[in-house]
Amino acid sequence: MRKNSMDQIQTYQPLLFSIAYRMTGYASQAEDIVQDAYLRYQQTDRAAIQSPKAYLTTIVTNLSLNYLKSAHAQREEYIGVWLPEPILTDLPEGESLEENYEQQETISLAFLVLLEALTPPERAVFLLHEVFDYSFAEIAEIIEKTPENCRQLFHRAKSHVAEKHHRVSVDSANQRQLTESFVAACKSGDLAILTKLLASDVTAWADGGGKVRARLYPISGQELVAKRFIFALMHRVPADNVLFIEEINGAPAILSWSDGHLNWVQTLDIRDHVIVGLHTLLNPDKLAFLQRQLESRPEPFLSSSHVLP
């Protein structure tokens, strides 16, 4: 009976992971938080739990809030640009970390970066209500605040997100085509074509975490960004690196792979058929989770169609 009960509880794993990942920005930390929640559930008297889903959500949310409080000093001391850990979202059916809770706009790196400007309580209320459809009464019980207080937190958070976030207006096929065109223009050194693919105010961020060489500050502007990426792909990518495309955080992304190792990941923030932002992850610590996801497959890139020429 206990095994069946835990099997049923495991059905909440995608939801719980989704909450913890969006809250913390770390896939590895989200896994630990979900595991901790399950352990606490196993050690609790079942008679005292009216709703396993509500109980587990409460634990995961509060563990995420506690993590954010403890991580505040680390974030301030982080060397250079901070970006969330990337995750592979194109997984076989039944294995997805997101399943029904995967929403392209709220799992993108650009959106997760945007959440960093919110206070931890604002982030919790916004995600639970806007993304996961919890009522303010339910959220109030989870974070131990009044429903009215939760409404206020939500409206502040939503106002900030609405001001900064722009809805994606390009489908996946066009995103992939634009991504391929971006790589081709960089590798050929065609500045004119590459410039046309970039918005006039395009911005590029790179996260090396002090572990590998990366720009400490974002760069902006069509020509500057175009020249930097042409130089990078023509002169800094070793010949033995394989570049391929995968769905990372809900959208096509460029990955660099060599000798069984993931070197970097680059996601493109696309709006109105031009690239408005580029996020490059180089910090090896933040690539470890994605590396494990890729290693779980027969090949890191599933078919030759994923490999870029």
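Computed from a predicted structure; not experimentally measured.

A.B. asks: Explain the UniProt feature "domain: RNA polymerase sigma factor 70 region 4 type" (unreviewed entry) in the chain here, please?
C.D. replies: On the UniProt side, "domain: RNA polymerase sigma factor 70 region 4 type" (unreviewed entry) is annotated at positions that read residues 110-160 here. Helix makes up 78% of residues 110-160 and strand 0%, and the two end C-alpha atoms of the span are 14 Å apart.

A.B. asks: Any chance you could explain the packing of helix H2 (residues 13-24) against helix H4 (residues 52-77) here in plain terms?
C.D. replies: Two quantities define a packed helix pair, namely the angle between the axes and the distance from one axis to the other. Put simply, H2 and H4 touch, their axes get as near as 9 Å, and they point 20 degrees apart. Accordingly, the angle class assigned to the pair H2 and H4 is roughly parallel. Of the two possible hands of crossing, H2 and H4 adopt the one that is right-handed. On H4, the residues touching Leu15, Leu16, Ile19, Ala20, Met23 and Thr24 of H2 are Lys53, Leu56, Thr57, Val60, Thr61, Ser64, Leu65, Tyr67, Leu68 and Arg75.

A.B. asks: Would you mind showing me how to read H2 here?
C.D. replies: Two residues of an α-helix separated by three or four positions point the same way, owing to the 3.6 residues in each turn. Spanning 12 residues, H2 covers 16 Å between terminal C-alpha atoms, matching the ideal 16 Å at 1.5 Å per step. The buried count for H2 comes to 11 of 12 residues, which makes it a mostly enclosed element. For H2, the complete set of buried residues consists of Pro14, Leu15, Leu16, Phe17, Ser18, Ile19, Ala20, Tyr21, Arg22, Met23 and Thr24. Looking one or two residues beyond H2, the residue adopting positive phi is Gly25, at roughly 80 degrees.

A.B. asks: Even after reading the chapter, I still don't get unusual backbone geometry, so can you show me in this structure?
C.D. replies: What is expected of a backbone is that most residues other than glycine have negative phi and most peptide bonds are trans. Phi at Glu144 is positive, roughly 60 degrees, even though this residue is not glycine. Considering the arrangement of structural elements, one finds Glu144 in the loop between helix H8 (136-143) and helix H9 (147-164). In the Ramachandran plot, His273 falls in the positive-phi region, its phi being about 70 degrees despite a non-glycine side chain. By the element assignment, His273 lies in the loop between strand S5 (261-271) and strand S6 (274-281).

A.B. asks: How should I be thinking about the packing of aromatic side chains in this particular structure?
C.D. replies: Aromatic ring pairs are reported here in terms of the distance separating the ring centres and the angle at which the planes meet. In total, this model carries nine aromatic pairs according to the counting rule given. When the ring of Tyr26 is compared with that of Trp82, the centres are 5.9 Å apart and the planes differ by 65 degrees; the resulting orientation is edge-to-face. Here Trp82 lies in the loop between H4 and helix H5 (104-107) and Tyr26 lies in the loop between H2 and helix H3 (27-42), a separation of 56 residues in the sequence. We note that Tyr26, like Trp82, is buried. Consider the rings of Phe136 and Phe154, whose centres lie 5.6 Å apart with planes at 65 degrees: the pair is edge-to-face. Pair noted here: Phe136 is in helix H8 and Phe154 is in helix H9, with a separation of 18 residues, a long-range link. For the pair Phe136 and Phe154, a shared accessibility class is recorded, and that class is buried. An aromatic cluster of three or more residues is present, and its members are Phe111, Phe126, Phe136 and Phe154.

A.B. asks: I tried to follow the side chain of Ser256 on my own but got confused; where do I start?
C.D. replies: Among the secondary structure elements, Ser256 is positioned in strand S4 (residues 251-258). Judged by its relative accessible area of 0%, Ser256 is buried. Here Asn241 takes part through its side chain, which lies 2.6 Å from a polar atom of the side chain of Ser256. Not counting residues up to four positions away in its chain, the partners in contact with Ser256 are Asn241, Val242, Leu243, His261, Leu262, Asn263 and Trp264.

A.B. asks: Explain the pattern of salt bridges to me, please; I cannot follow it from the model alone.
C.D. replies: On inspection of all chains with the given rule, the structure shows 11 salt bridges. The salt bridge partner of Glu180 is Arg176, with a shortest N-O separation of 3.0 Å. Of this pair, Glu180 and Arg176 both sit in helix H10 (residues 172-188), separated by four residues, roughly a single helical turn. Take Glu180: its relative accessible area is 30%, and that puts it in the partly exposed class. Here Arg176 falls in the partly exposed class, since its relative accessible area comes to 25%. Among the charged side chains, a network of salt bridges with common partners joins Arg75, Glu116 and Arg123.

A.B. asks: Would you take a moment to explain the UniProt feature "domain: RNA polymerase sigma-70 region" (unreviewed entry) in the chain for this structure?
C.D. replies: Those residues carrying the UniProt feature "domain: RNA polymerase sigma-70 region" (unreviewed entry) are residues 9-71 in this numbering. The annotated region residues 9-71 carries 79% helix and 0% strand content, and the separation between its end C-alpha atoms amounts to 29 Å.

Conventions adopted
- Residues numbered from 1 in each chain as written.
- Predicted model: local features only at pLDDT ≥ 70, side-chain atom pairs only at ≥ 80, totals over all residues.
- Heavy atoms only, no water.
- UniProt positions renumbered as here; feature names shortened; annotations may be inferred.
- Helix = DSSP H or I, 4+ residues; strand = E, 2+ residues; numbered from the N terminus.
- Axes fitted to C-alpha atoms, helices over the stretch in contact; angles between N-to-C directions.
- Parallel < 35°, antiparallel > 145°, perpendicular 65-115°, else oblique.
- Left-handed = near helix turned anticlockwise from the far one by under 90°.
- Contact = heavy atoms within 4.5 Å.
- Expected span 1.5 Å × (residues − 1).
- Buried < 20%, exposed > 50% of the residue type's maximum accessible area, 1.4 Å probe, protein only.
- Phe/Tyr/Trp six-rings, centres within 6.5 Å; stacked < 30°, edge-to-face > 60°.
- Polar contact = N/O pair within 3.5 Å; in protein donor to acceptor, adjacent residues only side chain to side chain.
- Salt bridge = Lys/Arg side-chain N within 4 Å of Asp/Glu carboxyl O.

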